[in-house]
Amino acid sequence: MSSLKTIGIIGAGQMGCGIAHVSAMAGYKVHIYDLSQDRIESGLATINGNLARQVASGKTSDEDRKAALSRITGSADLNDLAQVDLAIEAATEDETVKRKIYAQVCPVLKPEAILATNTSSLSITRLASATDRPERFMGIHFMNPVPVMKLVELVRGIATEESTFSSAKEFVTSLEKTITVAEDFPAFIVNRILLPMINEAIYTLYEGVGTVDAIDTAMRLGANHPMGPLQLADFIGLDTCLSIMQVLHDGLADSKYRPCPLLVKYVEAGWLGRKSGRGFYDYRGETPIPTR
């Protein structure tokens, strides 16, 4: 365990619940905040379901599942974050939304609390400037799904103090995750490499080089990837893929990061992947069917 005892999670979505899950399993007290009690209830049900799956597969015991759940609370009252040692913002990948959250959360947090963001692409330095504690702010980027994926990217902003970085490192290590340290450049390491590959796969589809099935099969069997790039894009969420490509394109001003027009079209159609029922595959039936 690190010197941090209580972890606050801002956002009860897929990422927030995943971070709450692994934190509670590591022995931390966890408090989840979201705008509505319904979202919190849904998030807690997701955590319970994921823990039950881990019990069924023999990865943990039922006693540990119950103990982890007993450490997690949730509410739609911002003031309940007043006692946390580390608050991790896991809201949507939208800078305006994140800045609004910091404006509301910072006055509630105790002065010594660390504030972190789970952003997958945005500037840590710029986000830190929207808080009252840039020296106690940094990026702790978990991979999705959090309980399964071993890697966490740690990203310092220009003002992040060494003690903040050390505490974050201690915390992530206690979760039995592997740390990679990235500099504060658009999309950091994983998404700087992964998203242009996915974008290129979408261009390959857009230009008619191959079908959805042909492209995914080629990369699974030809490059030994566990999941094809278009299947992976649907899993990540096509809106998130587009948002990261836009951050890369705007931040690095290089045409190689231009989002594929087909990706833009799918997002405009509301075909965002698994979460909306349709993306490069249609998930509304028994088995996913390619949409192109």
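All of these numbers come straight from a predicted model, not from anything done at the bench.

Examining the overall build of the protein chain
For step 1, the next point in the chain: A count of helices and strands for the protein chain gives eleven helices and ten strands.
For step 2, the next point in the chain: Taking 2.2 N^0.38 as the reference for a compact globule, 292 residues should give roughly 19 Å; the C-alpha atoms of the protein chain span a radius of gyration of 19 Å, in line with that estimate.
For step 3, the next point in the chain: If one aligns the C-alpha atoms of the protein chain with their principal axes, the spans along those axes are about 55 × 45 × 35 Å.
For step 4, the next point in the chain: For the protein chain, the proportion of its 292 residues judged to be buried stands at 48%.
For step 5, the next point in the chain: Here the contacts in the protein chain between residues at least 6 apart in sequence split such that 66% fall between residues at least 24 apart.
For step 6, the next point in the chain: Of the accessible surface of the protein chain, which amounts to about 13500 Å², a share of 53% is contributed by carbon and sulfur atoms.
For step 7, the next point in the chain: Of the charged side chains in the protein chain, 29 are positive and 34 negative; the average position of the first set lies 2 Å away from that of the second.

Digging into the packing of helix α1 (residues 14-25) against helix α2 (residues 37-56)
For step 1, the next point in the chain: Running from N to C, α1 and α2 cross one another at 55 degrees; their axes reach a closest spacing of 10 Å. If you check the angle between α1 and α2, you find them oblique. Two packed elements cross with a definite hand, and for α1 against α2 that hand is right-handed. Residues Cys17, Ala20, His21 and Met25 of α1 pack against Gly43, Ile47, Asn50, Leu51 and Gln54 of α2.
For step 2, the next point in the chain: Across the contact of α1 with α2, the residue classes break down as five nonpolar, four polar and no charged.

Quick look at the domain arrangement of the protein chain
For step 1, the next point in the chain: As assigned here, the protein chain comprises domain 1 (6-183) and domain 2 (190-290).
For step 2, the next point in the chain: Spacing between the C-alpha centres of domain 1 and domain 2 amounts to 27 Å.
For step 3, the next point in the chain: Taken together, the ten residues of domain 1 in the interface contact six residues of domain 2.
For step 4, the next point in the chain: Summing the contributions of domain 1 and of domain 2, the shared interface buries around 650 Å²; its carbon and sulfur component is 60%.

Re the packing of aromatic side chains
For step 1, the next point in the chain: Summed over all chains, the structure comprises six aromatic pairs.
For step 2, the next point in the chain: With a centroid separation of 5.6 Å and an interplanar angle of 90 degrees, the aromatic rings of Tyr266 and Trp271 are classed as edge-to-face.
For step 3, the next point in the chain: Given a relative accessible area of 25%, Trp271 falls into the partly exposed group.
For step 4, the next point in the chain: A network of ring pairs unites the aromatic residues Tyr266, Trp271 and Phe280 as a single cluster.
For step 5, the next point in the chain: The aromatic ring of Phe165 is capped on one face by Arg156, whose charged end is 3.8 Å from the ring centroid.

A word on the packing of helix α7 (residues 190-206) against helix α10 (residues 238-252)
For step 1, the next point in the chain: Running from N to C, α7 and α10 cross one another at 110 degrees; their axes reach a closest spacing of 10 Å. Considering their axes alone, α7 and α10 lie roughly perpendicular with respect to each other. As α7 runs across α10, the sense of the crossing is left-handed. Seen from α7, the contacting residues are Asn191, Arg192, Leu195, Pro196 and Asn199; seen from α10, they are Cys241, Ile244, Met245, Leu248 and Leu252.

A short note on the side chain of Asp85
For step 1, the next point in the chain: Position of Asp85 among the secondary structure elements: in the loop between β3 (72-75) and β4 (86-89).
For step 2, the next point in the chain: Given a relative accessible area of 16%, Asp85 falls into the buried group.
For step 3, the next point in the chain: A distance of 2.7 Å separates polar atoms of two side chains, one belonging to Asp85 and the other to Lys110.

Considering the UniProt feature "domain: 3-hydroxyacyl-CoA dehydrogenase NAD binding" (unreviewed entry) in the protein chain
For step 1, the next point in the chain: In the numbering adopted here, UniProt assigns the feature "domain: 3-hydroxyacyl-CoA dehydrogenase NAD binding" (unreviewed entry) to residues 6-184.
For step 2, the next point in the chain: Strand forms 22% of residues 6-184 and helix 39%; the C-alpha atoms that close the span are 27 Å apart.

Structural notes on α7
For step 1, the next point in the chain: In this model α7 runs 24 Å from its N-terminal to its C-terminal C-alpha over 17 residues, within 8% of the 24 Å that 1.5 Å per residue would give.
For step 2, the next point in the chain: Next to the buried residues of α7 lie β6 (137-142), α8 (212-222), α9 (229-236), α10 and α11 (261-268).
For step 3, the next point in the chain: Just downstream of α7 lies Gly208, where phi reads positive at about 80 degrees.

Side note on the pairing of β4
For step 1, the next point in the chain: Alternating positions in β4 separate into two faces, Leu86 and Ile88 on one and Ala87 and Glu89 on the other, with burial throughout.
For step 2, the next point in the chain: Here four bridges tie strand β1 (residues 6-10) to β4, and the two strands are oriented parallel to one another. Counterpart to Ile10 in the pairing with β4 is Glu89.
For step 3, the next point in the chain: Examined bridge by bridge, β4 and strand β5 (residues 114-117) share four bridges and lie parallel to one another. Residue Ala87 lies in a different strand from β5, and its bridge partner there is Leu115.
For step 4, the next point in the chain: Between the parallel pair β4 and β5, the chain is carried across by helix α4 (residues 95-105), and the sense of this crossover is right-handed.

Notes on the nonpolar core
For step 1, the next point in the chain: If you look at the biggest cluster of nonpolar residues, it comprises 33 residues, and the most contacted ones within it are Leu86, Ile88, Ile140, Phe142 and Phe171.
For step 2, the next point in the chain: If you tally residues by element for this core, the top one is α1, at six residues.
For step 3, the next point in the chain: Discounting chain neighbours no more than four positions away, the residues touching Ile140 are Leu86, Ala116, Thr117, Asn118, Val152, Glu153, Leu154, Ala168 and Val172.
For step 4, the next point in the chain: Counting 26 residues, the second largest nonpolar core, distinct from the first, contains Leu195, Leu205, Val212 and Phe280.

Cut-offs used in this document
- One numbering rule holds for all chains: residues counted from 1, following each sequence as written.
- Residue-level local features of this predicted model are given only where pLDDT is at least 70; pairs of side-chain atoms are given and counted only at 80 or more, and the full residue set underlies all totals for whole chains, interfaces and linings.
- As a rule here, side-chain values come from all non-hydrogen atoms in the structure, and water together with hydrogens is ignored.
- Secondary structure elements follow DSSP: runs of H or I no shorter than four residues count as helices, runs of E no shorter than two count as strands, and numbering proceeds from the N terminus.
- C-alpha atoms define the radius of gyration in this analysis, and the globule rule sets the expected value at 2.2 Å times the number of residues to the power 0.38.
- For every residue, the accessible area (1.4 Å probe, protein chains only) is compared with the maximum for its type, and the residue is labelled buried under 20%, exposed over 50%, or partly exposed between those bounds.
- We call two residues contacting when some pair of their heavy atoms lies within 4.5 Å.
- Each accessible area is a Shrake-Rupley result for a 1.4 Å probe, and residues are judged covered by the shown protein chains and nothing else.
- Working convention for charge: Lys and Arg count positive, Asp and Glu count negative, and His plus the chain ends are omitted.
- For this purpose, a charge sits on NZ of Lys, CZ of Arg, CG of Asp or CD of Glu.
- Axis geometry follows a simple rule: fit a line to the C-alpha atoms, using only the stretch in contact for helices, then measure angles between N-to-C directions, giving values from 0 to 180 degrees.
- Angle categories: roughly parallel below 35 degrees, roughly antiparallel above 145, roughly perpendicular from 65 to 115, and oblique for all the rest.
- Each crossing gets its hand from how the near helix is turned against the far one by less than a right angle, where anticlockwise is left-handed and clockwise is right-handed.
- Three classes are used, and their members are as follows: Ala, Val, Leu, Ile, Met, Phe, Trp, Tyr, Cys and Pro are nonpolar, Asp, Glu, Lys and Arg are charged, and the others, Gly among them, are polar.
- Domain delimitation follows an automatic or database domain assignment.
- By buried area we mean the combined loss of accessible area, with a 1.4 Å probe, across both parts when two parts are placed together.
- Only Phe, Tyr and Trp rings take part, Trp by its six-membered ring, and two of them pair if their centres are within 6.5 Å. Stacked means planes under 30 degrees apart, edge-to-face means over 60, and tilted covers everything else.
- Lysine NZ or arginine CZ positioned within 6 Å of the ring centre and within 35 degrees of the ring normal marks a charge as sitting over the ring.
- Here a polar contact is recorded for every N or O atom pair within 3.5 Å, except that within protein the pair must consist of a potential hydrogen donor and a potential acceptor, and residues adjacent in sequence are included only if both atoms are side-chain atoms.
- UniProt positions are given in the numbering used here, feature names are shortened, and annotations may be inferred rather than shown by experiment.
- Multiplying 1.5 Å by the helix residue count minus one yields the expected span of that helix.
- Criterion used throughout: strands pair if DSSP finds at least two bridges between them.
- A clockwise path from the first strand over the helix to the second, with the strands pointing away from the viewer, defines a right-handed crossover.
- Nine residue types can take part in a nonpolar core, namely buried Ala, Val, Leu, Ile, Met, Phe, Trp, Tyr and Cys, and a core is a set of them joined through side-chain atoms within 4.5 Å.

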